[in-house]
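What the coordinates show
The residues making up each chain are set out below.
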Amino acid sequence: MDKLNLRLKLTRQRAAIPEQKRRENARRIRETLLDQPWVQMAGLVACYWSIGDEPETHGLVFALWKHGATVMLPVLRDDDDLDWAVYDGPDTLTPGRFGIMEPVDTRRGVETIRTAALVIVPALAVDRTTGVRLGRGGGSYDRALARVGPNVPTVALLHDDELIDGVPSEPHDQPVRWAVHPGGLVNLSTATPYR
């Protein structure tokens, strides 16, 4: 299946998830991540503020921040690349491009993601064999992931049934090293569940 049709299929699947199930998924994903020592020790985390039917990250961002991590959230630039700004609590967000919430903090630049100890990104699906993620098609996160060092954990958050076989890939697509879904955490470098 090509990327466009796969996106349409996955978008329909997500729209059908009941709200109560979404909340439960978010809680399970958040608890799974916060349970990992490498997440607990990450001093600088690049994350995202979820929108629509994405796995909800608002509670995760808040928990990371309350546990002492510096959390950077993306700021979508006019060229569709991602700048980064520091989250300093829920009252420090304002609507940006397309109404996506972003920090009011000073923009740190697109290269700032290189300093992150942990990078958490959205995805519609991730290939369980290659780690290639399917995004929404703008390429913003592929550009950002290309700047991340080889030893930094990159994690995609998914709903159930979104860790799949056969995500189409192109040369610019950047794989992630981990996927988290309500059923647990998967290390994509070994493609085995990790608890």
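The structure we're discussing is the one just above.
Let me begin by describing the structure that accompanies this report. Given the structure is predicted, the values throughout are model-derived calculations rather than measurements.

Scoring rules and cut-offs
Residues numbered from 1 in each chain as written. Predicted model: local features only at pLDDT ≥ 70, side-chain atom pairs only at ≥ 80, totals over all residues. Heavy atoms only, no water. Buried < 20%, exposed > 50% of the residue type's maximum accessible area, 1.4 Å probe, protein only. Helix = DSSP H or I, 4+ residues; strand = E, 2+ residues; numbered from the N terminus. Pairing = 2+ DSSP bridges. 1 Å grid on protein atoms, 1.4 Å probe; cavity = no way out; pocket = protein on both sides within 12 Å on 5 of 7 lines; lining within 4 Å. Points joined across faces, edges and corners; volume = space filled by probe spheres on them. Nonpolar A, V, L, I, M, F, W, Y, C, P; charged D, E, K, R; others polar. Contact = heavy atoms within 4.5 Å. Axes fitted to C-alpha atoms, helices over the stretch in contact; angles between N-to-C directions. Parallel < 35°, antiparallel > 145°, perpendicular 65-115°, else oblique. Left-handed = near helix turned anticlockwise from the far one by under 90°. Lys, Arg positive; Asp, Glu negative; His and termini not counted. Salt bridge = Lys/Arg side-chain N within 4 Å of Asp/Glu carboxyl O. Polar contact = N/O pair within 3.5 Å; in protein donor to acceptor, adjacent residues only side chain to side chain.

1. Remarks on the pairing of strand β3 (residues 82-87)
β3 sits mainly inside the fold: six of its six residues count as buried. What sits between strand β2 (residues 70-76) and β3 in their antiparallel hairpin is a turn of five residues, with D80 showing a positive phi close to 70°.

2. Here's the deal with the layout of surface pockets
Its boundaries defined by the atoms lining it, the largest pocket holds a volume of some 640 Å³. Lining the largest pocket are 33 residues, with E54, P122, R136, S140 and Y141 sitting closest to its centre. Looking at the lining of the largest pocket residue by residue, the class counts come to 15 nonpolar, six polar and 12 charged.

3. Some points on the environment of I29
Position of I29 relative to the elements: it lies in helix α2 (residues 19-34). The exposure class assigned to I29 is buried, which follows from its relative accessible area of 3%. Linking I29 and A16, residues 13 residues apart in sequence, is a C-alpha distance of 19 Å. Discounting chain neighbours no more than four positions away, the residues touching I29 are P55, L157, L158, V180, H181 and P182.

4. Notes on the packing of α2 against helix α4 (residues 58-66)
Interhelical geometry of α2 versus α4 gives an angle of 30° and a closest axis separation of 9 Å. The angle between α2 and α4 falls in the class roughly parallel. α4 is crossed by α2, and the crossing has right-handed handedness. Along the contact surface, α2 presents R30, L33 and L34, while α4 presents G59, L60, A63 and L64.

5. Some points on the side chain of E54
Considering the arrangement of structural elements, one finds E54 in the loop between β1 (44-46) and α4. One buried charged side chain, E54, makes no salt bridge at all; its nearest oppositely charged neighbour is R136, positioned 4.0 Å away. Engagement of the side chain of E54 in a polar contact is seen with the backbone nitrogen of I51, the distance being 2.9 Å. Dropping the residues within four chain positions of it, E54 is found in contact with R14, Y48, W49, P122, R136 and H159.

6. Examining the sheet that holds strand β8 (residues 133-134)
As summarised here, the arrangement of the three strands in space is β8-β7-β10, forming an open sheet in which the pairing is mixed. Two strands bound the open sheet, and with one partner strand each, they are β8 and β10 (163-164).

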